[in-house]
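Residue-level structural notes
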Amino acid sequence: MRLSLSPPLRPATLAAADTLAIVAFAAAGIVSHTGAVSLRAVAEDVVPLLAGWFAAAALTRLYRARTVRALLLTWAVGIPAGVAVRAAALGRLDEPRQLAFLATTLVLTLAFVASARLVLSAATRAPA
């Protein structure tokens, strides 16, 4: 079975998988730091990350190109953009711990998005 980070699925399906992966990452982080997910925490963490992701996806044409290169460019541009927007909105641009948050977010969002896409790829290739 050959798995792919860009399975041949509709763009909306890939976008939904990416969204769920980023939301899952953020929810895991929120729960690990606060013990529960709140609407405020979602607004502070998820919204900027998704905004950065989808702005970058539009620039890289991620959901039309369907290449690993477009995926990695979207991740490399979109996640730092989202983290920067989040830090600015929270008044934390000058805090050194934002670099740790960026590094953690980069590593884990890539792991979450890649995992979601690999699961989709496996599911679409599974025999009926």
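Above this note sits the structure.
Read on for a plain summary of the structure. (Residues numbered from 1 in each chain as written. Predicted model: local features only at pLDDT ≥ 70, side-chain atom pairs only at ≥ 80, totals over all residues. Heavy atoms only, no water.)

Once that is clear, we can look at the environment of arginine 61. For arginine 61, the position within the fold is in the loop between helix 2 (39-60) and helix 3 (62-65). With relative accessibility at 56%, the residue arginine 61 sits in the exposed group. Between the C-alpha atoms of arginine 61 and arginine 10, which are 51 residues apart in sequence, the distance is 14 Å. (Helix = DSSP H or I, 4+ residues; strand = E, 2+ residues; numbered from the N terminus. Buried < 20%, exposed > 50% of the residue type's maximum accessible area, 1.4 Å probe, protein only.)

Right, let's talk about the packing of helix 1 (residues 11-34) against helix 2 for a bit. Remark: helix 1 packs on helix 2, axes separated minimally by 10 Å, with the N-to-C direction vectors making an angle of 145 degrees. Relative to helix 2, the crossing made by helix 1 is right-handed. Facing helix 1, whose interface residues are Ala15, Asp18, Thr19, Ile22, Val23, Phe25, Ala26 and Ile30, helix 2 presents Ala41, Val42, Asp45, Val46, Leu49, Leu50, Trp53 and Phe54. Classifying every residue of the contact of helix 1 with helix 2 by side-chain character gives 13 nonpolar, one polar and two charged. (Axes fitted to C-alpha atoms, helices over the stretch in contact; angles between N-to-C directions. Left-handed = near helix turned anticlockwise from the far one by under 90°. Contact = heavy atoms within 4.5 Å. Nonpolar A, V, L, I, M, F, W, Y, C, P; charged D, E, K, R; others polar.)

Another aspect to go through is the side chain of aspartate 18. Relative to the elements of secondary structure, aspartate 18 occurs in helix 1. Excluding its chain neighbours within four sequence positions, the residues that come into contact with aspartate 18 are Trp53, Leu62, Tyr63, Val113 and Arg117.

Grouped together as the largest cluster of nonpolar side chains are 22 residues, with contacts concentrated most on Ile22, Trp53, Leu62, Tyr63, Ile79 and Val113. Those elements giving two or more residues to this core turn out to be helix 1, helix 2, helix 3, helix 4 (68-89) and helix 5 (97-125). Ranked by residues supplied to this core, first place goes to helix 1 with six residues. Setting aside its immediate chain neighbours within four residues, isoleucine 79 contacts Leu49, Trp53, Thr74, Thr105, Leu106 and Thr109. (Core = buried A, V, L, I, M, F, W, Y, C linked by side-chain atoms within 4.5 Å.)

With respect to the helices and strands, arginine 64 occurs in helix 3. The exposure class of arginine 64 is exposed, given its relative accessible area of 72%. A sequence separation of 54 residues divides arginine 64 from arginine 10, and the C-alpha atoms of the two residues are 9.4 Å apart.

Attention shifts here to helix 5. End to end, helix 5 covers 42 Å across 29 residues, agreeing with the expected 42 Å (1.5 Å per residue, within 8%). At its buried positions, helix 5 is contacted by helix 1, helix 2, helix 3 and helix 4. (Expected span 1.5 Å × (residues − 1).)

Note that every value here comes from positions in space, so none of it alone points to a role or purpose.
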